[in-house]
Amino acid sequence: MKNFNNKVVAITGAGSGIGQALAINLSQLGACLALADINEAGLAKTQALLNIGLRVCSHNVDVANKDAVYQWADDVVAYHGHVDVLINNAGVAANAPIESLDYDDFNWAFNIVFYGVLYGCKAFLPYLKQRPDAHIINLSSLVGFIPFPNSAAYNCSKHAVKAFSQTLMQELRGSNIHVTSVHPGGIKTNMMRNSRYETMPSGLDHKGMIKAFDSIALTSSDKAAKIIIRGALKNRPRQLVGVDAVIAEFLSRVFPNSFVRWMGMLMLHMEKKWQQ
């Protein structure tokens, strides 16, 4: 993607966090936007923060609903005439030990995080293929290559997004569509507040985890959005976001087995410390 001026960009999870920051930054670059979120109030807030006069449409979309995502893709093209970029950003988390993790919670996270990406890509691909220069940006995570304990649903769904994106890159090689797999570290968003959470074996409750996460999240949503946009402009196949993601990705490659064990022990130790 050479630039975003007058490009039509579709963004899921645009009502808050990274999605909202992406919308604001892309509007400043002259992009036309198609915003989607299940939170209508969040969408209205995002739209109020955009450049006046920007051509933008907002849609209440549950990305776990395949038919709703396909309808959104059709509506975007009906409104804008075409679409150049798809950003699959919507995400949630379910935090609990595997032994007690409820299947419904696991499926809830997987349906939004992974199937939301799958539906989005398949719904928009026919339209993206019609453009001379198109781009798909899928948000995986730091946990896409280094899982954390008590986060199996989130870990597995983000690993799946990474594998899906890498497969898509191979299949679209040489075409007009570039694919970027994004791996943020700790980002200051409300995702932890909105997560499904079970009190950890250490005794750390949801309120304590939110406070702990806020204290270690190193990157703002605005900074994350700027990094993602720069990566797309350079057609990077993978974009790490945040120094924590850069360090963890490096250590996971150099010490693929020991680093996973060490990270798990560190996280469990930190849970006990935060609980105190």
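In the nomenclature of an unreviewed UniProt entry, the protein chain is known as SDR family oxidoreductase of Spongiibacter thalassae. Under the Sequence similarities (unreviewed entry) heading, UniProt states for the protein chain: "Belongs to the short-chain dehydrogenases/reductases (SDR) family."

(A) Spotlight on the side chain of histidine 135. By the element assignment, histidine 135 lies in strand E6 (residues 134-139). For histidine 135, the residues in contact, after removing those within four places along its chain, are Met1, Asp84, Val85, Leu86, Ile177, His178, Val179, Thr180, Ala232 and Asn235.

(B) Expanded view of a nonpolar patch on the surface. Side chains of Leu218, Val243 and Ile247 sit close together on the surface and give an oily, nonpolar patch of about 280 Å² of accessible area. Considering the arrangement of structural elements, one finds leucine 218 in the loop between helix H7 (206-216) and strand E10 (219-220). With relative accessibility at 51%, the residue leucine 218 sits in the exposed group.

(C) Representation of the environment of lysine 211 in the model. Here lysine 211 is to be found in helix H7. Residue lysine 211 is classed as exposed on the basis of its relative accessible area, which comes to 67%.

(D) Geometry of the UniProt feature "domain: Ketoreductase" (unreviewed entry) in the protein chain. Residues given the UniProt feature "domain: Ketoreductase" (unreviewed entry) here are residues 7-190. Structurally, residues 7-190 is divided into 45% helix and 21% strand, and its ends, taken at the C-alpha atoms, are 28 Å apart.

(E) The pairing of E6, seen in detail. When you tally the buried positions in E6, you get 6 out of 6 residues, the bulk of the element. The sheet contact formed by E6 and strand E7 (residues 177-184) spans 6 bridges and is parallel. Bridge assignment links leucine 139 to a residue of E7, and that residue is valine 182. What joins E6 to E7 is helix H6 (residues 152-172), and the crossover it makes is right-handed.

(F) Structural context of the packing of aromatic side chains. Using the criterion set out here, one finds 8 aromatic pairs in the structure. Plain terms: the ring middles of phenylalanine 106 and phenylalanine 110 are 5.8 Å apart, the flat faces sit at 15 degrees to each other, and that makes the pair stacked. Highlighted residues: phenylalanine 106 and phenylalanine 110, both in helix H4 (residues 103-113), separated by 4 residues, approximately one helical turn. The interplanar angle of 40 degrees and the centroid separation of 5.8 Å between the aromatic rings of tyrosine 115 and tyrosine 119 together place this pair among those described as tilted. Taken as a pair, tyrosine 115 and tyrosine 119 lie in helix H5 (residues 115-128) at a separation of 4 residues, close to a single helical turn. A network of ring pairs unites the aromatic residues Phe106, Phe110, Phe114, Tyr115, Tyr119 and Phe164 as a single cluster. Between arginine 55 and the ring centre of tyrosine 79, over which it is positioned, the NZ or CZ distance is 4.2 Å.

(G) Spotlight on the pairing of strand E3 (residues 56-60). Relative to E3, strand E2 (residues 32-37) runs parallel, the two being bridged by 5 bridges. Its bridge partner being in E3, leucine 33 is matched across the sheet by valine 56. In this fold, E2 hands off to helix H2 (residues 40-48), which returns the chain to E3; that crossover is right-handed.

(H) A look at the packing of helix H1 (residues 17-28) against helix H8 (residues 221-233). One can describe the packing of H1 onto H8 by two numbers: an axis separation of 8 Å at closest approach and a directional angle of 60 degrees. The angle between H1 and H8 places the two elements in the oblique class. Note on packing geometry: the crossing formed by H1 with H8 is right-handed. Residues Gly17, Ile18, Ala21, Leu22, Asn25 and Leu26 of H1 form the contact with H8, whose own contacting residues are Ser221, Asp222, Ala224, Ala225, Lys226, Ile228 and Ile229.

(I) Spatial organisation of the sheet that holds E6. Pairing within the open sheet is parallel, and its 7 strands lie in the order E3-E2-E1-E4-E6-E7-E11. Because the sheet does not close on itself, it has two edges, and the strands there are E3 and strand E11 (238-241). In this sheet, adjacent strand axes meet at a mean angle of 15 degrees when their direction is disregarded. Bridging between strand E4 (residues 85-88) and E6 involves 4 bridges; their strand directions are parallel. Note that in E6 the partner of leucine 86 across the bridge is isoleucine 136. Lying on the sheet, H5 is in contact with strand E1 (8-12), E4, E6 and E7; it crosses E4 at an angle near 180 degrees.

(J) View of H6. In this model, H6 (21 residues) spans 30 Å end to end at C-alpha, consistent with the 30 Å of a helix rising 1.5 Å per residue. When we look at burial in H6, the residues that qualify are Ala152, Ala153, Tyr154, Asn155, Ser157, Lys158, Ala160, Val161, Phe164, Ser165, Leu168 and Leu172. Taken together, the buried residues of H6 touch strand E5 (94-95), H4, H5, E6 and E7. Backbone geometry just downstream of H6 places glycine 174 in the positive-phi region, at approximately 85 degrees.

Cut-offs applied
- Within each chain, residue numbers correspond to sequence positions counted from 1 in written order.
- This being a predicted model, a pLDDT of at least 70 is required before a residue's local features are given, and a value of 80 or more before pairs of side-chain atoms are given or counted; all residues contribute to the totals for chains, interfaces and linings.
- Side-chain measures here rest on the full set of heavy atoms in the structure, leaving out hydrogens and waters.
- UniProt positions are given in the numbering used here, feature names are shortened, and annotations may be inferred rather than shown by experiment.
- For the purposes of this entry, the term helix denotes a DSSP run of H or I that reaches at least four residues, the term strand denotes a run of E that reaches at least two, and both are numbered from the N terminus.
- Two residues form a contact once any of their heavy atoms are found within 4.5 Å.
- Within this analysis, patches are made of residues with over 30% relative accessible area and no salt bridge. Like charges are joined at 9 Å or less; nonpolar side chains (Val, Leu, Ile, Met, Phe, Trp, Tyr) at 5 Å or less.
- Computed with the Shrake-Rupley method and a 1.4 Å probe, the accessible areas treat only the protein chains shown as cover for residues.
- Definition used for salt bridges: Asp or Glu carboxyl oxygen within 4 Å of a side-chain nitrogen of Lys or Arg.
- Here the term buried applies to any residue with accessible area under 20% of the maximum for its type, exposed to any over 50%, and partly exposed to those in between, with areas from a 1.4 Å probe on protein chains only.
- Strand pairing requires that DSSP identify at least two bridges connecting the strands.
- Throughout, right-handed denotes a crossover for which the path from the first strand over the helix to the second runs clockwise when the strands point away from the viewer.
- Stacked, tilted and edge-to-face are the three classes assigned to paired rings of Phe, Tyr and Trp, where Trp is represented by its six-membered ring and a pair needs centres within 6.5 Å; plane angles under 30 degrees give stacked, over 60 edge-to-face, the rest tilted.
- A ring is considered to have a charge above it if a Lys NZ or an Arg CZ atom is located within 6 Å of its centre and within 35 degrees of its normal.
- Whenever a helix is involved, its axis is fitted only over the stretch in contact; in every case the axis is a line through C-alpha atoms, and angles between N-to-C directions fall within 0 to 180 degrees.
- Comment on the angle field: the value is read as roughly parallel under 35 degrees, roughly antiparallel over 145, roughly perpendicular from 65 to 115, and oblique elsewhere.
- Handedness of a crossing is defined here by the sense of rotation of the near helix relative to the far one, left-handed for an anticlockwise turn of less than a right angle and right-handed for a clockwise turn.
- Multiplying 1.5 Å by the residue count of a helix minus one yields the expected span of that helix.

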